[in-house]
Amino acid sequence: MGFARTCSVALVGVEGVVVEVQADLEPGVAAFTLVGLPDKSLVESRDRVRAAVVNSGADWPQKKLTVGLSPAFVPKSGSGFDLAVAVAVLGAAERIDPREIADLVMIGELGLDGRVRPVRGILPAVLAAAEAGYRQVVVPELTAAEAGLVPGVSVLGVRSLRQLIAVLTGAEVPEEAGDEEGRPDAMLAGLMVPGAGVGTGLAIGDRGGGGDGGPDLADVAGQHAARTALEVAAAGGHHLLLHGPPGAGKTMLAERMPAVLPPLTRQESLEVTAVHSVAGILPPGEPLVRTAPYCAPHHSATMQSLVGGGNGLPRPGAVSLAHRGILFLDEAPEFSGRALDSLRQPLESGHVVVARSGGVVRLPARFLMVLAANPCPCGRHTLNGSGCECPPSVIRKYQARLSGPLLDRVDLRVGVEPVQRADLLGQGGRGEPTAVVAERVREARARAAARLEGTPWNTNSDVPGYELRTRWQPVAGALGAAERDMERGLLTARGLDRVLRVAWTVADLAGSDRPDARHVDLALELRTGIARGAPALMGGAG
């Protein structure tokens, strides 16, 4: 009787579970049995593994073969177990020393010719292996850079099963010929899922700054109040609603916001990369996402496409693909009510729990939400002499599609006015470029980080209201106007806390140690839309 074991990783959402792959050979009629709650694609690995082993020059054992995946109660899916199954079988057949593979974690799909093909989710799989105490992993060569992002783990990237057998047996490692120059690399197909990014409007990368020809904030004509709100939202991580007629620049402002956000930290980059790797939208050759993602789903998106879903175990939706970035909902009232209300949980908790028949997964979803809305179905309700013919009942129904509980979670609500001819022709001067605003945002976030050092919070929008009222208090009497609004019913208790958070962000942008009445007035104006004569505090004014 021959027995060998090695390890692989099963992904549940964006979290990994180390799975022990056991192979047992016994005398009897030649058969291959795979147990341990495998799905259809994993059951098919029996034929892939057998062909790959034979075509790699090794003999297939003609005995009764049982391969077990433990723990058996964890659902296992995908083709990433192929490599571990093949090596465990060769270990049981004593083609490889079983002691050499017992503490190895192997992830990869096998082609019929023995080539090791890349699979999705390498980064979260290697992270799970490292957390479980494993220090050596074997992955496909094309994903070795992604696996190498995990510190303290030795990564071996292999192109074929033949190479891995040579490494494990101490033989000379054969050279594997690559694809001809100019010929498409079919191996990359395992990293990208066709259609995975369709409907999410996902974009990654430096989308601005002006220096590389990308969209710049200076291109936006006028809209001083909206620019102020955008800067405050980026500095404190506050959710933003832009409402106004079509053509006023709401989408232009949202598209320029990613370049205003600070670069992702190392931990944030790993979180974003893990989600995109599982979703199958991580660009080949770019193992680490360093800039905030920008996700803009179409208004016809379903609730499942926003929060996550799919057959079997749920896959990340738009809220998870926008993790640590921006979720932009253009024409927000056109989204279904169920889809919009499904955003309440992730807006508060920073994650989404999705329950399906295949299991329950917890997906990260800490994003900055930007909503854009027209005042009525035709969009001309607020324009003088525009000829809006929408009945009042239709206008009320249209505006009510954004429910009160959802809007209560939005810190900033700013009206975007039609662009004036003088602003459009540049007679009023261009606004500040993205680079200037982004630098001010970085300085404000640095002030907030220094104040919140030693706490579990990173930005002002994360801090609970109780802590802001007791631990970091504003200047005495600064909340007078906000408290009066609460007594009149214009603010809820949650709204008062959010005004205080925004006031702290305004103070950080203005370089002040604590928010005073001016900062609170501007925060109230940005939340309620009611002019309060708040002075312009941005641009270095203190």
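Everything below is about the structure printed above this text.
As the structure is a prediction and not an experimental result, all values here were calculated from the model.

Thoughts on the overall build of the chain
- Within the chain, the regular secondary structure consists of 22 helices and 16 strands.
- Within the chain, the fraction of its 542 residues that count as buried is 51%.
- For the chain, the proportion of contacts with a sequence separation of at least 24, taken over those separated by at least 6, is 72%.

What to know about the pattern of salt bridges
- Taken as a whole and judged by the stated rule, the model has 26 salt bridges.
- In this structure, Glu-141 engages Arg-159 in a salt bridge whose closest nitrogen and oxygen atoms are separated by 2.8 Å. Here Glu-141 is found in the loop between strand E8 (136–140) and helix H6 (144–147), whereas its partner Arg-159 is found in the loop between strand E9 (154–158) and helix H7 (161–169), with 18 residues between them in sequence.
- Residue Glu-141 is classed as partly exposed on the basis of its relative accessible area of 36%.
- Here Arg-159 falls in the partly exposed class, since its relative accessible area comes to 27%.
- With a shortest N-O distance of 3.0 Å, Asp-508 and Arg-451 are connected by a salt bridge.

So, helix H18 (residues 434–451)
- If you check H18, its first and last C-alpha atoms are 26 Å apart, about what 18 residues at 1.5 Å a residue would give, namely 26 Å.
- Of all the positions in H18, only Thr-434, Val-437, Ala-438, Arg-440, Val-441, Ala-444, Ala-448 and Arg-451 are classed as buried. For H18, the angular spread of the buried residues around the axis is 160°, confining them to a single face.
- Buried residues in H18 make contact with helix H8 (224–236) and helix H21 (493–510).

Quick word on a nonpolar patch on the surface
- Residues Leu-156, Val-167 and Val-173 make up a contiguous nonpolar surface patch of roughly 200 Å² in combined accessible area.
- Take Val-167: its relative accessible area is 38%, and that puts it in the partly exposed class.

So, the nonpolar core
- Core analysis: the biggest nonpolar cluster contains 57 residues, and Leu-240, Leu-242, Met-257, Val-370, Ala-482 and Val-520 have the highest contact counts within it.
- Per element, the largest residue contribution to this core is eight residues, and it comes from H21.
- Grouped together as the second largest cluster of nonpolar side chains are 40 residues, Ala-10, Val-19, Ala-86 and Ala-92 included.

Digging into the sheet that holds strand E15 (residues 368–373)
- Strand order in the open sheet formed by five strands is E11-E12-E15-E10-E16, and the pairing between neighbours is parallel. At either end of the open sheet lies a strand with only one pairing partner, and these are strand E11 (294–295) and strand E16 (412–415).
- Where strand E10 (residues 240–243) and E15 come together, four bridges link them in parallel fashion. Looking across to E15, one finds that Leu-242 is bridged to Ala-372.
- Each of E10, E15 and E16 touches H8; the most contacted strand, E16, lies at about 165° to it.

Some words on the packing of aromatic side chains
- As enumerated under the stated definition, the model contains three aromatic pairs in all.
- On the basis of an interplanar angle of 40° and a centroid distance of 5.6 Å, the ring pair of Phe-32 and Trp-60 is categorised as tilted. Taken together, the positions of Phe-32 in strand E3 (residues 31–35) and Trp-60 in the loop between helix H2 (45–55) and strand E4 (64–70) put the pair 28 residues apart, joining distant regions of the chain.

Focus: the side chain of Glu-109
- Structurally, Glu-109 is set in strand E6 (residues 109–110).
- Buried within the structure, Glu-109 lacks any salt-bridge partner; its nearest side chain of opposite charge belongs to Arg-117, at an N-O separation of 4.0 Å.
- At 2.7 Å, the side chain of Glu-109 and the side chain of Ser-79 are in polar contact.
- Non-local contacts of Glu-109, meaning those with residues more than four positions away in its chain, are made with Arg-48, Ser-79, Gly-80, Asp-82, Arg-115, Val-116, Arg-117 and Val-119.

A few points about unusual backbone geometry
- The omega torsion across Ser-70 and Pro-71 is 10°, close enough to zero to call that bond cis.
- Within the element layout of this structure, Pro-71 appears in the loop between E4 and helix H3 (82–92).
- The backbone of Glu-331 shows a phi angle near 50°, a positive value even though the residue is not glycine.
- Inspection of the secondary structure assignment puts Glu-331 in the loop between strand E12 (326–329) and helix H13 (337–341).

Comments concerning the packing of H8 against H21
- Two elements in contact, H8 and H21, have axes separated by 9 Å at closest approach and are oriented at 100°. Here H21 runs roughly perpendicular to H8, going by the angle between their axes. In this structure, H8 uses Glu-231, Val-232, Ala-235 and Gly-236 to contact H21, whose residues at the interface are Val-502, Thr-505, Val-506 and Leu-509.
- Here the contact of H8 with H21 is composed, by residue class, of five nonpolar, two polar and one charged.

Quick notes on the packing of H18 against H21
- Their axes nearest at 8 Å, the elements H18 and H21 cross at an angle of 115°. For the pair H18 and H21, the sense of crossing is right-handed. Residues Arg-440, Val-441, Ala-444, Arg-447, Ala-448 and Arg-451 of H18 form the contact with H21, whose participating residues are Trp-504, Asp-508 and Leu-509.

Quick word on the environment of Glu-439
- Mapped onto the secondary structure, Glu-439 falls in helix H18.
- You can call Glu-439 partly exposed: its relative accessible area is 37%.
- Along the backbone, Glu-439 and Leu-261 are 178 residues apart, and their C-alpha atoms lie at a distance of 9.3 Å.

Some thoughts on the pairing of strand E1 (residues 2–12)
- Across 11 bridges, E1 lies against strand E2 (residues 15–26) in antiparallel orientation. When the sheet's bridge partners are listed, Arg-5 is paired in E2 with Gln-22.
- Between E1 and E2, which pair antiparallel in sequence order, lie two residues; one of them, Gly-13, sits at a positive phi of approximately 70°.

Considerations on H8
- Compared with an ideal rise of 1.5 Å per residue, which puts 13 residues at 18 Å, H8 spans 19 Å between its outermost C-alpha atoms and is within 8% of the ideal.
- Most of H8 sits out of view: 10 of its 13 residues are buried.
- Regarding H8, the residues found buried are Ala-226, Arg-227, Ala-229, Leu-230, Glu-231, Val-232, Ala-233, Ala-234, Ala-235 and Gly-236.
- At the exit of H8 stands Gly-237, carrying a positive phi of roughly 75°.

Quick notes on the rules
Residues numbered from 1 in each chain as written. Predicted model: local features only at pLDDT ≥ 70, side-chain atom pairs only at ≥ 80, totals over all residues. Heavy atoms only, no water. Helix = DSSP H or I, 4+ residues; strand = E, 2+ residues; numbered from the N terminus. Buried < 20%, exposed > 50% of the residue type's maximum accessible area, 1.4 Å probe, protein only. Contact = heavy atoms within 4.5 Å. Salt bridge = Lys/Arg side-chain N within 4 Å of Asp/Glu carboxyl O. Expected span 1.5 Å × (residues − 1). Arc of directions from axis to C-beta. Patch = residues over 30% accessible without salt bridge, like charges linked within 9 Å, V, L, I, M, F, W, Y side chains within 5 Å. Areas by Shrake-Rupley, 256 points an atom, 1.4 Å probe, with all protein chains shown as cover. Core = buried A, V, L, I, M, F, W, Y, C linked by side-chain atoms within 4.5 Å. Pairing = 2+ DSSP bridges. Axes fitted to C-alpha atoms, helices over the stretch in contact; angles between N-to-C directions. Phe/Tyr/Trp six-rings, centres within 6.5 Å; stacked < 30°, edge-to-face > 60°. Lys, Arg positive; Asp, Glu negative; His and termini not counted. Polar contact = N/O pair within 3.5 Å; in protein donor to acceptor, adjacent residues only side chain to side chain. Parallel < 35°, antiparallel > 145°, perpendicular 65-115°, else oblique. Nonpolar A, V, L, I, M, F, W, Y, C, P; charged D, E, K, R; others polar. Left-handed = near helix turned anticlockwise from the far one by under 90°.

From the geometry alone we can't say anything about function, so treat these as descriptive.
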